[in-house]
Amino acid sequence: MITFILFQEGEQRWIGTVARSLNLLNTIFGPMSKVYGIGRCAKMTYEMWKELLEDEEVVQKERKPDLGLVFMIDRDVDYITPMCSQVVYEGLVDDIFRIKCGSVEFGPEVTSSDRSVKILLNSQDKVFGEIRNEHFSNVFSFLSQKARNLQSQYDKRRGMDIKQMKTFVSQELKGLKQEHRMLSLHIGACESIMKKKTKQDFQELLKTEHSLLEGFDIRECINLIEEHINRQVSPIESLRLLCLLSLTENGLIAKDYRSLKTQYLQSYGSEHLLTFSNLKRAGLLTEQTPTEALTAVESRVGKLVTDKAVGKLTDAFSSLAKKSHFRGISKKLGLIPRVDGDYDLKTPRDMAYVFSGAYIPLSCKIMEHVLVRKSWAGLEEVMRLLNNIEFSEQLTERNSFQDSYRTIVVVFLGGCTFSEISALRFLGKEIGYRFVFLTTAITNSARILESMTETKS
């Protein structure tokens, strides 16, 4: 909902809240040294925060600050990442069960009983703490090993004398029981995720997403999206694929836009005319405007070839008429990793593991570039393609506490995904940074699209 309010309706009341939150963090944990930002809302938030800093005549104590840099980014800088299927464990739990305020409710299908259980998902849950950022393919093997380790700890009771048994019961047994309970719940959650994703032909969906990101077999992808719509699999999933197609191709060509829109309205209802209007206003699902010259050429060629060939030629002319912004950005930043053979998900080498090695989140790659180079230098072409506003400013001249500058406050305006959080945690380990996340919301494709979807009253 926050994304809808900020970037479609233009409502800016959240900007003041974020600015005041940053000011409070700066007062308690600062002084922060430097700010980097990209996006219109990020710029407005910083300007408001800057005014608060100037208004408050607070004498900063001569102490080591706990926080260093601030990186602010608008959600509309990167809509592609939230439109991709999440495959890290925490992201999948959010997609399937909806994490709210750091907690999740597991139903009877997970608990294997007739009741639901609500648990907190934080570092106190040792099992969750070790698997939250893992690719889902690695989670089952970890949980199996964890179960064996717990069993071996229970087996230590055999052969204990009375004194040892008393110590075991008072110091270890309670923790083992709690860990065993959480292990059972996470195994149940994994089984439930597997069942639901199998029903959705998840592997086929991932293959389609990866083709869209790489720009391969676009016509086949469109055919699969049409099939998805006509089978009425899921209105939100169909919209997600349409938006991902539009975002990666810099909009849909006119004939595809009209055809897909018509099929969607016939499958899911005419009230979604407003849904398409909302998505267009947000820039998530748009129609290309081909030049008159190319349209004329297409019509002449169309008289000489079959209807099927016309479709292929139209796609070719469209590709010539425009250069996809995403394609240019992807090539410039290396968002699509080039690897020989299969991508190693057990020991990943870059942030692409959060999308099975197919794609590095654009938002995270921009941050990596800026943090490594300590400036926006080298991103001029990317910024031009994004049509966005980037800025950087020194907040304090103090340079004596270099260690604290390794702690980065990342501010997402419009929401961030658990995939991005996992990717940045991985990056932090690689380059020696610690990330603290401040966001207006935790989001995913379903939340974004539901906020823009019109339904029958």
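A few points on the structure. (Residues numbered from 1 in each chain as written. Predicted model: local features only at pLDDT ≥ 70, side-chain atom pairs only at ≥ 80, totals over all residues. Heavy atoms only, no water.)

Describing the nonpolar core
Inclusion rule: Remark: nonpolar core denotes a set of buried residues (Ala, Val, Leu, Ile, Met, Phe, Trp, Tyr, Cys) joined through side-chain atoms within 4.5 Å. Type-normalised accessible area, obtained with a 1.4 Å probe on protein chains alone, sets the label of each residue: buried when under 20%, exposed when over 50%, and partly exposed for intermediate values. Helix numbering and strand numbering both begin at the N terminus, where a helix is a DSSP run of H or I of at least 4 residues and a strand a DSSP run of E of at least 2. Contacts: residue pairs with any heavy atoms within 4.5 Å of one another.
Membership of the largest hydrophobic core comes to 106 residues, with the highest contact counts inside it found for F71, Y89, L284, Y359 and I366. Element by element, the count of residues in this core is highest for helix α12 (residues 235–248), at eight residues. With sequence-adjacent residues up to four places away left out, Y359 is seen in contact with D78, I80, T81, C84, L213, F326, L335, I336, P337 and A352. V35, L67, V409 and L413 belong to the second largest nonpolar core, which has 15 residues in total.

Re the environment of G68
Within the secondary structure layout, G68 lies in the loop between α3 (40–55) and β2 (69–74). Note on G68: relative accessible area 0%, which makes it buried. The spatial distance from the C-alpha of G68 to the C-alpha of K34 is 7.1 Å, given a sequence separation of 34 residues.

Examining a nonpolar patch on the surface
The condition is simple: Each patch is built from salt-bridge-free residues with over 30% relative accessible area, joining like charges within 9 Å and nonpolar side chains (Val, Leu, Ile, Met, Phe, Trp, Tyr) within 5 Å. For the accessible areas, the method is Shrake-Rupley and the probe is 1.4 Å, while residue cover comes only from the protein chains on display. Should a side-chain nitrogen of Lys or Arg be within 4 Å of a carboxyl oxygen of Asp or Glu, the pair is scored as a salt bridge.
Side chains of L24, I28 and F29 sit close together on the surface and give an oily, nonpolar patch of about 270 Å² of accessible area. With a relative accessible area of 45%, I28 lands in the partly exposed category.

Concerning the packing of aromatic side chains
Remark: the centre distance and the inter-plane angle together describe each pair of aromatic rings, the angle taken between the planes. The following threshold applies: Pairing of aromatic side chains requires ring centres within 6.5 Å, counting the rings of Phe and Tyr and the six-membered ring of Trp. Pairs whose planes differ by under 30 degrees are stacked, by over 60 edge-to-face, and all others tilted. Two thresholds decide whether a charge sits over a ring: the Lys NZ or Arg CZ must be within 6 Å of the ring centre and within 35 degrees of the ring normal.
The full count for this structure, using the stated rule, is 15 aromatic pairs. Residues Y46 and W49 carry aromatic rings whose centres are separated by 6.3 Å and whose planes lie at 85 degrees to one another, so their mutual orientation is edge-to-face. Of the two residues, Y46 and W49 are both situated in helix α3; the distance of three residues between them amounts to about one turn of the helix. Both residues of the pair, Y46 and W49, count as buried. Taken together through their ring pairs, the aromatic side chains of Y257, Y264, Y268 and F276 make up a single cluster. Sitting above the plane of the Y433 ring, R406 keeps its charged end 4.0 Å from the centroid.

Here's the deal with the pattern of salt bridges
For the structure shown, the criterion picks out 18 salt bridges. In this structure, the salt-bridge partner of R75 is D78, at a minimum N-O distance of 3.7 Å. For the pair shown, R75 and D78 are each scored as buried. With a closest N to O distance of 3.0 Å, E90 and R132 form a salt bridge. One end of the pair, E90, is in helix α5 (residues 89–97); the other, R132, is in the loop between α7 (126–131) and α8 (136–155), with 42 residues separating them in the sequence. Owing to a relative accessible area of 3%, E90 belongs among the buried residues under this scheme. Overlapping salt bridges bring together R75, D78 and E420 as one network.

Limitation: the analysis is restricted to geometry and does not speak to function.
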